[in-house]
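The chain contents come next:
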Amino acid sequence: MPLIEPHKIRSRTVEESDLERVMTASQEMFSLCWKGTEQVAFAIAHPQITSEDPLRFFVLSDGSLIINPVIVNKTKVPVVRYEGCMTFPGRVWNKVMRSNKLVVKYSTIDDGVLQQLEEENVIGIKAQIIQHEIDHFDGIYVYEDEEVAESN
């Protein structure tokens, strides 16, 4: 499954009827996070692999599946972070303003059923990854070379 060019299409919410598609795509997406035993990405979002009906989910390199994430709270003062993006392989990492702490609510799949989870407090790199992947849902890509990009 190749990565696609950036686009501005917004992803839609995953519904129960999408679960088979999510499960199939998530396995392929997880494999893109690894090159043999070497981790090459922290995560990948569904809009990075398809522009046809992209869904609001991503996989983490640890195999976690994050569906329909919503940031319900975040630190008010963002910090400068450095990020790369699989959509632009080989480009230098860019400065991006991100919140260091988030409260995020998301769903996952358990026994083939879409499950709503409780809110989760996340900090540091995981908070950064979640913000980066949510940006993909809204057609936002990190690739500026000169300025600090403000996101989320």
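Here, the structure is the one placed above.
What you are looking at is a predicted structure, and each value in this text was computed from that prediction instead of being measured.

Visitor: Which residues make up the side chain of threonine 50, and what values go with them?
Guide: In this structure, threonine 50 sits in the loop between strand 3 (43-45) and strand 4 (57-60). A distance of 3.1 Å separates a polar side-chain atom of threonine 50 from the backbone nitrogen of glutamate 52.

Visitor: Pulling in residues and values, what's your account of the nonpolar core?
Guide: It is characteristic of soluble globular proteins that their nonpolar side chains tend to be buried jointly. Val14, Val22, Met29, Ile44, Phe57, Leu65 and Ile67 are the most contacted members of the largest nonpolar core, which totals 16 residues. When residues in this core are grouped by element, the largest group, four residues, is from helix 1 (residues 19-32). Once residues within four sequence positions are removed from consideration, phenylalanine 57 is found in contact with Val14, Val22, Ala25, Ser26, Met29, Ala45, His46, Leu65, Ile66, Ile67 and Phe137. If you look at the next biggest cluster of nonpolar residues, it comprises 14 residues, including Leu102, Ala127, Ile134 and Phe137.

Visitor: Lay out the environment of leucine 114 with the relevant residues and their values.
Guide: Secondary-structure assignment places leucine 114 in strand 9 (residues 113-116). Along the primary structure leucine 114 and aspartate 18 are separated by 96 residues, whereas in three dimensions their C-alpha atoms are 9.6 Å apart. Those residues in contact with leucine 114 that sit more than four places away from it in its chain are Val14, Glu15, Glu16, Leu19, Ile67, Ser107 and Thr108.

Visitor: Explain the pattern of salt bridges to me, using residue names and the numbers behind them.
Guide: Under the counting rule described, the total for this entry stands at eight salt bridges. The salt bridge partner of arginine 56 is aspartate 138, with a shortest N-O separation of 3.5 Å. Pair noted here: arginine 56 is in the loop between strand 3 and strand 4 and aspartate 138 is in the loop between helix 2 (124-137) and strand 11 (149-150), with a separation of 82 residues, a long-range link. Its relative accessible area of 16% is what places arginine 56 among the buried residues. With a closest N to O distance of 2.6 Å, arginine 98 and glutamate 83 form a salt bridge.

Cut-offs applied
Residues numbered from 1 in each chain as written. Predicted model: local features only at pLDDT ≥ 70, side-chain atom pairs only at ≥ 80, totals over all residues. Heavy atoms only, no water. Helix = DSSP H or I, 4+ residues; strand = E, 2+ residues; numbered from the N terminus. Polar contact = N/O pair within 3.5 Å; in protein donor to acceptor, adjacent residues only side chain to side chain. Core = buried A, V, L, I, M, F, W, Y, C linked by side-chain atoms within 4.5 Å. Buried < 20%, exposed > 50% of the residue type's maximum accessible area, 1.4 Å probe, protein only. Contact = heavy atoms within 4.5 Å. Salt bridge = Lys/Arg side-chain N within 4 Å of Asp/Glu carboxyl O.

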